[in-house]
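# Structural features, examined
Spelled out from the first residue to the last, the chains are:
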Amino acid sequence: MTGLLLKDIRKSYGAVDVIHGINLDIKEGEFVVFVGPSGCGKSTLLRMIAGLEEITGGDMYIDGERVNDVPPSKRGIAMVFQSYALYPHMTVYDNMAFGMRIAKESKEEIDRRVRAAAEILQLTKYLDRLPKALSGGQRQRVAIGRAICRNPKVFLFDEPLSNLDAALRVATRIEIAKLHERMADTTMIYVTHDQVEAMTLADRIVVLSLGHIEQVGAPLELYERPANLFVARFIGSPAMNVIPATITATGSRTAVTLTGGKSVSLDIATGASENGKTASFGVRPEDLQVTEGEDFLFEGTIAIVEALGEVTLLYIEGLVENEPIIAKLPGILKVGRGDKVRFTADKAKLHLFDAKGHSYRP
Amino acid sequence: MTGLLLKDIRKSYGAVDVIHGINLDIKEGEFVVFVGPSGCGKSTLLRMIAGLEEITGGDMYIDGERVNDVPPSKRGIAMVFQSYALYPHMTVYDNMAFGMRIAKESKEEIDRRVRAAAEILQLTKYLDRLPKALSGGQRQRVAIGRAICRNPKVFLFDEPLSNLDAALRVATRIEIAKLHERMADTTMIYVTHDQVEAMTLADRIVVLSLGHIEQVGAPLELYERPANLFVARFIGSPAMNVIPATITATGSRTAVTLTGGKSVSLDIATGASENGKTASFGVRPEDLQVTEGEDFLFEGTIAIVEALGEVTLLYIEGLVENEPIIAKLPGILKVGRGDKVRFTADKAKLHLFDAKGHSYRP
Amino acid sequence: QDLKFQPGEDSKFNWASFEEFKKGHDLKGQTLTIFGPWRGEDEVLFKSVYAYFSEATGVEVKYSSSENYEQQIVIDTQAGSPPDVAILPQPGLIADLASKGHLTPLGDETKQWLLDNYSAGQSWVDLATYNGKDGTPALYGFPYKIDVKSLVWYVPENFEDAGYEVPKTMEELKALTEKIAADGEKPWCIGLGSGGATGWPATDWVEDLMLRTQPPEVYDKWVTNEIPFTDQAVVGALEEFGWFARNDQFVDGGAAAVASTDFRDSPKGLFASPPKCYLHHQASFIPSFFPEGTVVGEDADFFYMPPYESKKELGNPVLGAGTLAMITRDTPAARAFIEFLKTPIAHEVWMAQTSFLTPYKSVNVDVYGNPPLKKQGEILLSATTFRFDGSDLMPGKIGAGAFWTGMVDFVGGKSAADVAADVQKAWDAIK
Amino acid sequence: MQLIAAIATMIAGVLACAAYFWATNFILDLIFPSKGLSGPAASRNLRITNTIRPWLFLAPALFALTIYLIYPVIQSVWLSLHDRAGQNFVGLRNYVWMVNDGEFRQSIFNNFLWLLVVPALSTFFGLIIAALTDRIWWGNIAKTLIFMPMAISFVGAAVIWKFIYDYRAAGSEQIGLLNALVVAFGGEPQAWITLPFWNNFFLMVILIWIQTGFAMVILSAALRGIPEETLEAAVIDGANGWQIFFKIMVPQIWGTIAVVWTTITILVLKVFDIVLAMTNGQWQSQVLANLMFDWMFRGGGDFGRGASIAVIIMVLVIPIMIWNIRNAAKETGGH
Amino acid sequence: MTSSKRSPLTWVVHLSVLFLVLLWTMPTAGLLISSLRDKDQLAVSGWWTALATSSRNDVARAPSPESQVERDGKFVIAGNLLQGQGGEISAFGFSSREPAKFQAGETAELNDGESLTVQADGSYEIVSDTRMEGSRGQRIFFTAATPPRFTLENYGEVLSAAGIGRSFINSLTVAVPSTVIPILIAAFAAYALAWMRFPGRAILIAVVVGLLVVPLQMSLIPLLRLYNDVGAFLGVSAKTYMGIWLAHTGFGLPLAIYLLRNYMAGLPREIMESARVDGASDFDIFVKIILPLSFPALASFAIFQFLWTWNDLLVAIVFLGTGNDQLVLTGRLVNLLGSRGGNWEILTASAFITIVVPLIVFFALQRYLVRGLLAGSVKGG
Ligand SMILES: Nc1ncnc2c1ncn2[C@@H]1O[C@H](COP(=O)(O)OP(=O)(O)OP(=O)(O)O)[C@@H](O)[C@H]1O
Ligand SMILES: Nc1ncnc2c1ncn2[C@@H]1O[C@H](COP(=O)(O)OP(=O)(O)OP(=O)(O)O)[C@@H](O)[C@H]1O
Ligand SMILES: [Mg+2]
Ligand SMILES: [Mg+2]
């Protein structure tokens, strides 16, 4: 039972309120990922869970015990710091072994665990180096290794992979997933900016914005049924295309007219009172398909083509003010700047939000 | 004329050789991205270009002038440090204004440029804060802002976006692209781990490994025609699937037999001498398609399904030892663990590498 | 400048000498820098004296002093920026300055003046005569302001209460000591503590006892090491001192306390209730360390450290100390100042206040500011032998070093012979 | 009036100093401009300025050091080869004398005692206090109180310790705190500073008492420079206060500890005020610096012998210098 | 670290600090209390006894017989032994041999037919049937329990000394530039030694360390001689403020350079590099980056240097002189002690008067010894 319970947690630095009352229940063994725009308070929240930051208001429970005043070392946590926080005077080996030495593990056990972690993180060559002789990514790996070496009840990761290259990132991500699997009752809390990490690792994702929770849910839930415009746009990259619209018909299906005049009907039920209201119509770039037919959602001129190899991004300007509509199409496309294209999308994958940004989808 | 020329550049820290002779010609106004595994020497190379690290061997020319002994301030560069390197005692504003104040710009000009940069980077609210009161992402943005504010001939960016959230990352990336467009004769050198950044921003990508260059080329070139296995696997995420194979027929088309027995014919010409040699057959996860038919590349049992929303990753184990074959399929798939699936791929998108890892593709 | 006593007003003063001096010297506009040992109250007193010099000559006097005046004068002379006149209490130091050529001889006229006008004049001339840089002896110092050291302090009323009498001979003093001890009291307060100078009060004891057990010639040879420190004469004097100081019954706090008790604190035992001791040997300056409000002559008094009945031939020797003025930079004002010191008024002005004794025969002893001072003055004038503090005459390393240390060792239990040998060894080392 | 003059001179003095640095830099850049110029000319000028500039920065310091310290050192060496008045050359006779002098040997022995004890304890206490006071709200007050001895002049300190070590005979009232305590616990009072050998330690206590404030201030500044995240990481690693202190904080400020240690060691070599005021080297408590002072100034002074002792004091510092060269070299390797 | 506040060991920390503080302040407390005590008591009782009601044996002298009054046919001298200082008398006597022969309230028969009565409150009466004679008053020994008594007289005496204000200003005039100038010079040198590359750097550092050991006393004579020569050459006095500033600068430099260099070498390299890339010259980096970031070290050194120059007497006397116009505060106070030294009541009080300014400086600069000056600048180890 190493669940976490956050009850109306608040934090302010002097007059600056950073966390505005977070309620969250994290079950034992759960893998929770915090995402949110830079500066929304993810690190702060994590540091409060770790006990490094005083809790200005609210209560935090770990294992059913109120821990507001429990020192970090008594909370049974391990943490990877966003700024690494390596011990500059210790070698990589000692950095990783420190926690275990403190815990008076046997020499062999320490050595075994350090070497195992180093192996996973490809640090074996660097075990004798001091942090200052490491590259950014290597430092970050040492920080991860340090956390892995301990056997905590709760793991806290603050952007642990941000400085790693793609291959290593995938490898490390998988290691973390495995770690989680092996230690089924270890709770993990993970801050990341990487969608893939969030989607693949999380049991649940917590979307934060400006110090409060926007939505909590399983990864696909957030992707498929974002509770509001913020989440819709935050999850997925490039962000969901949003087009202002007016509701023209309500009922078990809803019809809207997009700016530009095109009318679309969605598989979403709305009340009659919504009729005539302005709304936001959303469709993800990857849900768009090019069509030649007449049943298109919108039509536009390609402003930019970005070929990434695996996919191609098309930027269509002029439809929504100041913001291009982006389409993400698989493969390498043979279209050019200035081409006029029509887009359509699977009806089930269309989104509609009310004027306040709340999703109409139940 | 602010091109860079690197001639057999070397660097060692004491006995440790870190850069083993880099030759590179960067033209004025070019946008070059360095990618490579963590610790391969990207930062070191960048720091040598900046003049912060002594050059152990070789010559470096900026603008045709040998700059080995020219101090950083005289090289006309701006740099974003991987570790930010903010001035801890100055506010965000002063951090950004520092370089211009040194250059004795007028107060109004400084203010204009700082505010413009802050606007772009969404830092306006934080201009009066000290770095210690900023989040990781905010600090990183300040570091970027500082470089943007100056008007250098060469921009050096060391993983400038690693701590930013997806939305901001896209936005900032676009800003950097715009910046590059606006300042057509400013050379930019950019280190990143993010494939998307590399692909979208670069005129040319330099792939580094263990202190030497693996391949230099335009983004799509690297993606479509990797010179060797290293580049093939490094570019693209998840990495290209590689299956050991034996060449069974040569000529204008080549046939190979994959481990597992399946024979495949590729659109690649090989000499007769290659016949019977072992090779590596490669196919990118995103190039794989599920098929019901008989013309499949391989067949396997799904070990893991990772649904990212936009795409689904299927992990097939047992085909290659110790490494799953990964398929990246668009959308959310209705397949489960244990299902047997067959994969095929566009013939043009298959790769073949010799025993040393060099591509057979010309 | 304010003159303490208006010229011509009090007829006890020798105003004529002042007027005469005034006539002979007009040095208006000149300045005179004097460096001396006096600070605090003493500085005020000295100012009151040189005010008359300024008044008479128009010279502006700049007096300064310093805590580390010994060091200061060495530095200043050595570096070439000495004062015009230096006044110092250490003949050894003056000898050294003279030998390095930093002093100007005062001339035969002054020498003659001293012989003529000072009681025990030859003693003073000898004291102030040193070898110059070229090795020829000359008079370099002018003795001015004397302290008498051969004094024993006591509280008359305590004597009355206990029925003790002031002893007239050393034998009586010893008997009194034994009597007090027999009464279950402690006769003496002795404290040698003085921070870095710890030990010096004991040297006064030894010198006083030397003068009372040996002829002055032996004393003179002793201070120049013509007879070695290990001579029986010296060892004998040490042992005499040991008789007083090394007997737990004779000293307050026992022998062990002697070395560590500060000399400034030790007389306070006389005034304790009940008294911690009845006798204290110390120079004439000591009343400044008596409890506040103590009136000398009333609450406390002194008697002359008596001579041995058995050595009547030695007369009444007096041990003293004093300061000598010397010219460190030869200017008319400096010369004039030495001349000024020859006038009775230069002595009388200070005499009329406190803590000033002079061997100048032609001053009016009635001027002395209080009866005790007068009494001391009389002791000085009636001295058959006057000898300057021997430790001050010895080389600094001995008189302000080995001798002190030796005395500390001595009261700590080391034998007199060993102590004497130690000091002699140190002396040999600097020859 | 003097106040205004004083302030004016003060400002002028300080400004002149600042002006020097500004002006020399300006002039250097004027003579060898690199802005505006391009190509080899600029980089040649740069090389020149880069070789000159360190010396510009160092010049005033080197100047002052030469005049105020190096020149006297040379003088001392010269004097140490001359007689008491510094007039006649005597060769190494002063050194020969010194080696044969019992007091000198005593001083050397005592000095080593001091060197072993004082720097270690001062640094230790300074470190402990700096670390502990950082954790409590009244830390600044505590620091000020512990710093106070540094601010007290030596004369004051001597009086203070007189009131600690004072000895009165057994049976009478002790006015020295130490003896009062000893007596209160049923012991025999002792004349502490007259106990040979042990008195060294009683004198050392005084210097430790004073120098702890020094160590504390310097180490406190260093402790506060430690990146706080490393401490947080250690907290999370489960380290307790002691472990954080000894395994995380101390190693990170090791350089500063070495500096403090060195400084106090050197100070111990120079210590004399305390000895002078308390015992003047009697009761076998002599130390080199006091011995030197003694010979230099007492009774007119023997400059030859005084200087030769000074030379010995300076020679004793050579191992520390070598050690520092090593350290500096190591550091440069890291840069 | 906020977390440590809650640590259960906190009270141990509090107690240990308290213990150390007590240990360290004990001697100073003794000094402070002594400075507030009556000077005669200093030498006879421990300072800590001044804090509690103590029993003391004392002697007082009644007024001389001239002040007797005739009352009811008897001649009476009356007065109070405690003179309004409070306390209670338990015993008294009139002979040094039996100072506590009588209990308070009893009447003692003096030898010459007079009788003495002392009450517990200290009031006494000497009664005689005949007119009393003599010039001296009667000594009365008594044992009294006296409450703590303190006086500011010692401070009054010190502070009212002539020229003390002038000396105060002199001291400041000496101390302030003597603190600022070496810091400025040393900071530049330290920067060069820490962050600039040039041949001979390590040697220079070692030389600085070596110079730390040069005994001040050795330098005085050669320097003063130099000053005299320069003064004579320029036709000015050899003893000027300028001279003493430079002297203090010279003597303080090795430590300043050594401390500052050590601190500066520890600053994160990336910050300097970043500034260099921003186009800053060494001078800019020094002024705009190093100096602000070195505040803790500058402040620490400033505290010490100020302290030394403020408490210094030797250098001031040698290079500034002892005249009234130049005398610094320490010199002035020492002069108060008189030529024989040892007026402890003055010493103790003046020690506290001189301590005030350095403590203010310490307090003022202490807040620059701040934590986390470098926070947020770089990431990594
Ligand atoms: N001072 C040093 N001494 C020895 N080796 C060093 C030193 N600094 C860096 N290295 C090594 O040099 C190699 C290159 O480092 P660099 O920082 O350039 O890597 P990088 O490519 O930027 O990696 P990352 O993507 O992780 O930032 C690394 O293996 C690192 O360990
Ligand atoms: N000491 C401080 N004083 C005032 N505000 C602060 C302080 N520290 C952080 N903040 C603010 O608190 C907010 C939350 O910071 P936090 O570090 O938790 O962000 P984050 O979500 O981790 O961002 P990032 O993804 O950029 O790391 C930020 O806006 C930051 O500016
Ligand atoms: Mg963060
Ligand atoms: Mg890097």
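All values reported here derive from a predicted model rather than from experimental measurement.

This paragraph deals with the interface of chain D and chain A. Note on interface size: it is often stated as the accessible area lost on association of the parts. With 16 residues of chain D in contact, the opposing surface of chain A contributes 23 residues. Carbon and sulfur atoms supply 66% of the area that chain D and chain A bury against each other, a total of about 1600 Å² over both sides. By the criterion of area lost to chain A, the three top residues of chain D are Glu232, Ile236 and Asp237 of chain D, representing 41% of everything that side buries. One can count two salt bridges joining chain D with chain A. Aspartate 237 of chain D serves as the salt-bridge partner of arginine 150 of chain A, at 3.4 Å between the closest nitrogen and oxygen. Our enumeration of links across chain D and chain A arrives at eight residue pairs in polar contact (both at pLDDT 80 or more). Ranked by the residues each element gives to the side of chain D that touches chain A, the list is headed by helix H9 (residues 228-236) of chain D, at seven residues. When its residues are assigned to classes, the side of chain D that touches chain A shows seven nonpolar, five polar and four charged.

Attention now goes to the pattern of salt bridges. Scanning the model with the defined rule gives 73 salt bridges over all chains in all. Put simply, lysine 153 of chain A and aspartate 63 of chain A hold a salt bridge, and the shortest N to O gap is 3.6 Å. Of this pair, lysine 153 of chain A sits in the loop between helix H4 (136-149) and strand S7 (154-158) while aspartate 63 of chain A is found in the loop between strand S4 (57-62) and strand S5 (65-66), placing the two residues 90 residues apart along the sequence. Here glutamate 197 of chain B makes a salt bridge to arginine 169 of chain B, at a shortest N to O gap of 3.2 Å. With glutamate 197 of chain B in helix H6 (residues 195-201) and arginine 169 of chain B in helix H5 (residues 166-182), the pair connects residues that are 28 residues apart, well separated along the chain.

Along its sequence, chain E is organised into domain 1 (54-147) and domain 2 (156-378). The C-alpha-based centres of domain 1 of chain E and domain 2 of chain E are spaced at 59 Å.

Right, let's talk about the coordination of the magnesium ion (ligand 4) for a bit. For the magnesium ion (ligand 4), the full set of protein donor atoms is Ser43 of chain B (OG) and Gln82 of chain B (OE1), and the range of their distances to it is 1.8 to 2.1 Å. On the criterion of sequence distance, the pair formed by serine 43 of chain B in helix H1 (residues 42-50) and glutamine 82 of chain B in the loop between strand S6 (77-80) and helix H2 (92-102) is long-range, its members being 39 residues apart.

Residue and element names in this part refer to chain B. Taken in spatial order, the six strands of this open sheet run S6-S7-S8-S3-S9-S10, and their pairing is mixed. Each having just a single partner strand, S6 and strand S10 (212-217) make up the two edges of the open sheet. On average, adjacent strands in this sheet sit at an angle of 15 degrees to one another, irrespective of strand direction. Sheet strands in contact with H5 are strand S3 (31-35), strand S7 (154-158) and strand S8 (187-191), and its direction is about 160 degrees off that of S8.

A few words now on the packing of helix H6 (residues 154-165) of chain D against helix H2 (residues 10-35) of chain E. Look at H6 of chain D against H2 of chain E: their axes get within 9 Å of each other, and the N-to-C directions meet at 100 degrees. As summarised for this structure, H6 of chain D and H2 of chain E are arranged roughly perpendicular, according to the angle between their axes. Contact residues: Gly156, Val159, Ile160, Trp161, Phe163 and Ile164 of chain D in H6 of chain D; Pro27, Thr28, Leu31 and Ser34 of chain E in H2 of chain E. Residues belonging to the contact of H6 of chain D with H2 of chain E are distributed by class as follows: seven nonpolar, three polar and no charged.

All right, on to the pairing of strand S10 (residues 317-327) of chain C then. All names here are of chain C. The element S10 is largely enclosed, with a buried count of eleven among its eleven residues. The alternating pattern of S10 places Pro317, Leu319, Ala321, Thr323, Ala325 and Ile327 on one face and Val318, Gly320, Gly322, Leu324 and Met326 on the opposite face, and all of these are buried. Relative to S10, strand S6 (residues 142-148) runs antiparallel, the two sharing six bridges. Among the inter-strand pairings, valine 148 is bridged to a residue of S10, identified as glycine 320. As paired strands, S10 and strand S11 (residues 385-388) are joined by four bridges and run parallel to one another. Within S11, the residue paired with valine 318 across the bridge is phenylalanine 386.

Our next topic: the site of ligand 1. The immediate surroundings of ligand 1 are formed by 20 residues, with Arg129, Ser135 and Gly137 of chain A together with Ser43 and Thr44 of chain B found nearest. Neighbouring residues of ligand 1 are distributed over chains A and B. Between glycine 137 of chain A and ligand 1, the recorded distance is 2.5 Å, taken from a backbone N or O atom to an oxygen atom. One of the backbone nitrogen or oxygen atoms of glycine 39 of chain B is found 2.7 Å away from an oxygen atom of ligand 1.

One water molecule sets the probe size; rolling that probe over the atoms shows where empty space is left. With the rule as written, the count across this model stands at 15 cavities of 30 Å³ or more. Estimated volume of the second largest cavity: approximately 950 Å³. Forming the walls of the second largest cavity are 40 residues, and the residues nearest its centre are Val196 and Lys328 of chain A together with Asp194, Val196 and Lys328 of chain B. When its residues are assigned to classes, the lining of the second largest cavity shows 21 nonpolar, eight polar and eleven charged.

With that settled, the discussion passes to the site of ligand 2. Of all residues adjacent to ligand 2, which total 20 residues, the nearest are Ser43 and Thr44 of chain A together with Arg129, Ser135 and Gly137 of chain B. This site is not confined to one chain, since residues near ligand 2 come from chains A and B. In this structure, an oxygen atom belonging to ligand 2 sits 2.6 Å away from a side-chain N or O atom of serine 135 of chain B. Here glycine 136 of chain B contributes a backbone N or O atom positioned 3.3 Å from an oxygen atom of ligand 2. If ligand 2 stood free it would expose 640 Å²; the protein chains cover 89% of that surface.

Quick look at the packing of aromatic side chains now. Enumeration according to the criterion identifies 97 aromatic pairs over all chains in this entry. An angle of 75 degrees between the planes, with centres 5.1 Å apart, marks the rings of tryptophan 38 of chain C and tryptophan 350 of chain C as edge-to-face. Taken together, the positions of tryptophan 38 of chain C in the loop between strand S1 (31-36) and helix H2 (41-57) and tryptophan 350 of chain C in helix H14 (residues 344-351) put the pair 312 residues apart, joining distant regions of the chain. Accessibility assignment for this pair places tryptophan 38 of chain C and tryptophan 350 of chain C in one class, buried. Between phenylalanine 306 of chain E and tryptophan 310 of chain E, the aromatic rings sit 5.7 Å apart at their centres with planes inclined by 15 degrees, giving stacked as the arrangement. With phenylalanine 306 of chain E and tryptophan 310 of chain E both in helix H11 (residues 295-311) and four residues apart, this pair spans about one turn of that helix. Across this residue pair, the class does not change: phenylalanine 306 of chain E and tryptophan 310 of chain E are buried. Through successive ring pairs, a cluster of aromatic residues spans Phe21, Trp38, Phe46, Tyr50, Phe53, Tyr63, Tyr144, Phe337, Phe340, Trp350 and Phe356 of chain C.

Attention shifts here to the pairing of strand S1 (residues 4-13) of chain A. Residue and element names in this part refer to chain A. Bridge count between S1 and S4: five bridges; the pairing is antiparallel. Looking at S4, one finds that leucine 5 is bridged to tyrosine 61. The sheet contact formed by S1 and strand S2 (residues 16-26) spans eight bridges and is antiparallel. Residue pairing across strands places arginine 10 opposite histidine 20, the latter belonging to S2. Hairpin connection of S1 to S2: two residues between the antiparallel strands, including glycine 14 at a positive phi of 60 degrees.

The interface is formed by 114 residues belonging to chain D together with 112 residues belonging to chain E. Counting the contacts that link chain D with chain E gives zero salt bridges. If you look at where chain D meets chain E, you find seven residue pairs in polar contact (both at pLDDT 80 or more). Broken down by element, the residue count for the side of chain D that touches chain E peaks at 20 residues, all from helix H2 (residues 39-80) of chain D.

A few words now on the side chain of aspartate 76 of chain C. Mapped onto the elements, aspartate 76 of chain C comes out in helix H3 (residues 69-79). Residue class for aspartate 76 of chain C comes out buried when judged on its relative accessible area of 5%. For aspartate 76 of chain C, the contacting residues outside a window of four places in its chain are Ser81 and Pro82 of chain C together with Leu224 and Lys239 of chain E.

Turning our eyes to something else, we now look at the UniProt feature "transmembrane region" (unreviewed entry) in chain E. Residue and element names in this part refer to chain E. The sites that UniProt annotates as "transmembrane region" (unreviewed entry) are residues 12-33, 174-195, 202-224, 244-264, 285-307 and 346-365. Counted over residues 202-224, helix gives 83% and strand 0%. Its end C-alpha atoms are 32 Å apart. Taken end to end, residues 346-365 is 100% helix and 0% strand, and its two terminal C-alpha atoms sit 29 Å from one another.

Look at aspartate 63 of chain A: it is not a glycine, yet its phi comes out positive at around 60 degrees. A relative accessible area of 30% places aspartate 63 of chain A in the partly exposed class. Backbone geometry places tyrosine 84 of chain B, a non-glycine residue, at a positive phi of 70 degrees. Its place among the elements puts tyrosine 84 of chain B in the loop between S6 and H2.

Reading guide: rules and limits
- Residues numbered from 1 in each chain as written.
- Chains lettered and ligands numbered in written order.
- Predicted model: local features only at pLDDT ≥ 70, side-chain atom pairs only at ≥ 80, totals over all residues.
- Heavy atoms only, no water.
- Contact = heavy atoms within 4.5 Å.
- Buried area = accessible area lost by both parts, 1.4 Å probe.
- Salt bridge = Lys/Arg side-chain N within 4 Å of Asp/Glu carboxyl O.
- Polar contact = N/O pair within 3.5 Å; in protein donor to acceptor, adjacent residues only side chain to side chain.
- Helix = DSSP H or I, 4+ residues; strand = E, 2+ residues; numbered from the N terminus.
- Nonpolar A, V, L, I, M, F, W, Y, C, P; charged D, E, K, R; others polar.
- Domains from an automatic or database assignment.
- Donors = N, O, S within 2.8 Å, 3.2 Å for Na, K, Ca; no water.
- Pairing = 2+ DSSP bridges.
- Axes fitted to C-alpha atoms, helices over the stretch in contact; angles between N-to-C directions.
- Parallel < 35°, antiparallel > 145°, perpendicular 65-115°, else oblique.
- Buried < 20%, exposed > 50% of the residue type's maximum accessible area, 1.4 Å probe, protein only.
- Near = heavy atom within 4 Å.
- 1 Å grid on protein atoms, 1.4 Å probe; cavity = no way out; pocket = protein on both sides within 12 Å on 5 of 7 lines; lining within 4 Å.
- Points joined across faces, edges and corners; volume = space filled by probe spheres on them.
- Areas by Shrake-Rupley, 256 points an atom, 1.4 Å probe, with all protein chains shown as cover.
- Phe/Tyr/Trp six-rings, centres within 6.5 Å; stacked < 30°, edge-to-face > 60°.
- UniProt positions renumbered as here; feature names shortened; annotations may be inferred.

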